[in-house]
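What follows is the residue order along each chain.
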Amino acid sequence: MDFETDSTDLRSAHVIVVGNEKGGAGKSTLSIHIAVALLKSGHKVACIDLDTRQQTMTRFFENRASWSKHASWPIELPRHCAMGRGESHDVRANEAQEFAAFAQAISDVEHDYEFVVIDTPASDSYLMRLAHSLADTLVSPLNDSYIDVDVFSRVHHDRDRRGGVAHYADLVLQARRKRRIVDSGVIDWVMVRNRIASLSNNNAKQIAVSIGRLSRELGFRVADGFHDRVIFRELFPIGLTALDPIEEGVNNGGLTNSQISARREIEELVKALALPTRAPGVEHMEQRRLWRDRVLGYYREQAPMAH
Ligand SMILES: Nc1ncnc2c1ncn2[C@@H]1O[C@H](COP(=O)(O)OP(=O)(O)O)[C@@H](O)[C@H]1O
Ligand SMILES: [Mg+2]
């Protein structure tokens, strides 16, 4: 992989980075569900876990691999790579080591896979910035809370003091600039609401207005993601999701309404991401090119600042 070439060639792998500097917003949950949904629709998927501390995504796929040995139905698995952490006291040496490992992980899959899903930690680091600048689609989970909105733009009761671009949003804007220079690429940034409350409330409505304003300023799209549901967390220990045929193996034949809704939410989310997924009669690379033209057109028109 060469990060510095000025080339408009597309790699086959469409890189989906799931990022947001806030812990607990749902990055790993979204990464896992997006990866499984893409596997289920027959795509070749590779995953990279950049969260060297928590390794949630890695543990999920370990659980899934071990369940698959006993399951009576086929269980799709991605190629998975868990990044290690540079352990020396020399920050530069650590960065060099992490860069080399990450570059290797990307070049191992960029020409053979259709999608790479990268889960990231809730911290700013060299590697996290690098991963963001490689994203074709950046998915950021957002809970209905001003604490979550504050990660993107300073929220303050005094109008004069609100609205500064916050640290994470600045990181994304820099990644976009870098991306434009390196390969004339574009990052489609999608803010995904997560843990939506089942009853709508005033707070959620006000937050929706703030997010709408921000989406024009920072250049992102907004997608409805997942409601707060037990099914999104309870299957973690066995490495399954609501998309797996849990009614056959785990649930004794039936699905609850919440499980049916969870399935629909996952499918709707993947649709809203508007990824270059398979279509009859269209090659993957052709889909990638069509995707890039569509996204470039969208940002030129809707959010010129973002391009
Ligand atoms: N839609 C949801 N419904 C229920 N629980 C959720 C949902 N999204 C995330 N969680 C739970 O919230 C916690 C944090 O989610 P996680 O995906 O680990 O966040 P992050 O990776 O951003 O730190 C976990 O316990 C996870 O199971
Ligand atoms: Mg996580």
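For the structure, check the block above.
Visitor: Quick rundown of the sheet that holds strand S1 (residues 14–18)? Include the residues and the values.
Guide: Taking strand neighbours across the sheet as the criterion, the 7 strands line up as S3-S2-S4-S1-S5-S6-S7 in an open arrangement whose pairing is parallel. With one partner strand each, in any of the chains shown, strand S3 (79–82) and strand S7 (221–227) form the two edges of the open sheet. Pairwise comparison of adjacent strand axes, ignoring direction, gives a mean angle of 20° for this sheet. Looking at chain direction, S1 and strand S4 (residues 115–119) are connected through 5 bridges and run parallel. Looking across to S4, one finds that Ile16 is bridged to Val117. In the packing of helix H6 (residues 167–183) onto the sheet, contacts are made with strand S5 (137–143) and strand S6 (188–196), and the angle to S6 comes to roughly 150°.

Visitor: An account of the pattern of salt bridges is requested, with residue identities and associated values reported.
Guide: The final tally for this structure, using the stated rule, is 21 salt bridges. The partner of Asp144 in a salt bridge is Arg193, and the shortest N-O contact between them spans 2.8 Å. Of this pair, Asp144 sits in the loop between S5 and helix H5 (146–149) while Arg193 sits in strand S6, placing them 49 residues apart in sequence. The two residues Asp144 and Arg193 agree in class, both being buried. What you see here is one network of salt bridges that share partners, running through Arg11, Asp136, Arg179, Asp183 and Arg288.

Visitor: Would you mind going over the nonpolar core in detail, with residue names and values included?
Guide: Within the largest apolar cluster, 44 residues are counted, with the highest numbers of intra-cluster contacts made by Ile48, Phe102, Ile118, Phe152, Tyr168 and Trp189. When residues of this core are assigned to their parent elements, the largest contribution, 6 residues, is made by H6. By size, the runner-up hydrophobic cluster in this structure holds 37 residues, among which are Val36, Phe61, Val139 and Ile246.

Visitor: I'd like a rundown of the site of ligand 1, residues and numbers included.
Guide: Taken together, 15 residues form the shell around ligand 1, and within it Gly24, Lys27, Thr29, Arg195 and Arg233 come nearest. A distance of 2.9 Å separates an oxygen atom of ligand 1 from a polar atom in the side chain of Arg195. Taken by itself ligand 1 offers 560 Å² of open surface, and the protein chains cover 81% of this. It is helix H1 (residues 27–40) that provides the largest number of residues to the shell around ligand 1, a total of 3 residues. Class assignment of the residues belonging to the shell around ligand 1 gives a composition of 3 nonpolar, 7 polar and 5 charged.

Definitions and limits used
Each chain has its residues counted from 1, running along the sequence as written. As a convention, the first chain written is A and the first ligand written is 1, with the rest following in written order. pLDDT decides what is reported in this predicted model: residues at 70 or higher carry local features, side-chain atom pairs at 80 or more are listed and counted, and totals for whole chains, interfaces and linings draw on all residues regardless. No hydrogens and no water enter the side-chain calculation; it runs on all heavy atoms of the structure. Any two strands are treated as partners once DSSP identifies two or more bridges connecting them. Secondary structure is summarised from DSSP: a helix means a run of H or I of at least four residues, a strand means a run of E of at least two, and numbering begins at the N terminus for each. With axes taken as lines fitted to C-alpha atoms, and helix axes fitted only over the stretch in contact, angles between N-to-C directions fall between 0 and 180 degrees. Note on contacts: a residue pair qualifies if any of its non-hydrogen atoms lie within 4.5 Å across the two residues. Definition used for salt bridges: Asp or Glu carboxyl oxygen within 4 Å of a side-chain nitrogen of Lys or Arg. Relative accessible area decides the class of each residue, using a 1.4 Å probe on protein chains only: under 20% of the type maximum gives buried, over 50% gives exposed, and in between gives partly exposed. By nonpolar core we mean a set of buried residues, namely Ala, Val, Leu, Ile, Met, Phe, Trp, Tyr and Cys, connected to one another through side-chain atoms within 4.5 Å. Any residue with at least one heavy atom within 4 Å of a molecule or strand is counted as near it. N or O atoms within 3.5 Å of each other form a polar contact, as long as, within protein, one can give a hydrogen and the other can take it, and as long as residues adjacent in sequence are counted only when both atoms are side-chain atoms. Under the convention used here, a 1.4 Å probe and the Shrake-Rupley method define accessible areas, while residue burial counts only the protein chains that appear. In the scheme used here, Gly and all other residues not listed as nonpolar or charged are polar, with Ala, Val, Leu, Ile, Met, Phe, Trp, Tyr, Cys and Pro taken as nonpolar and Asp, Glu, Lys and Arg as charged.

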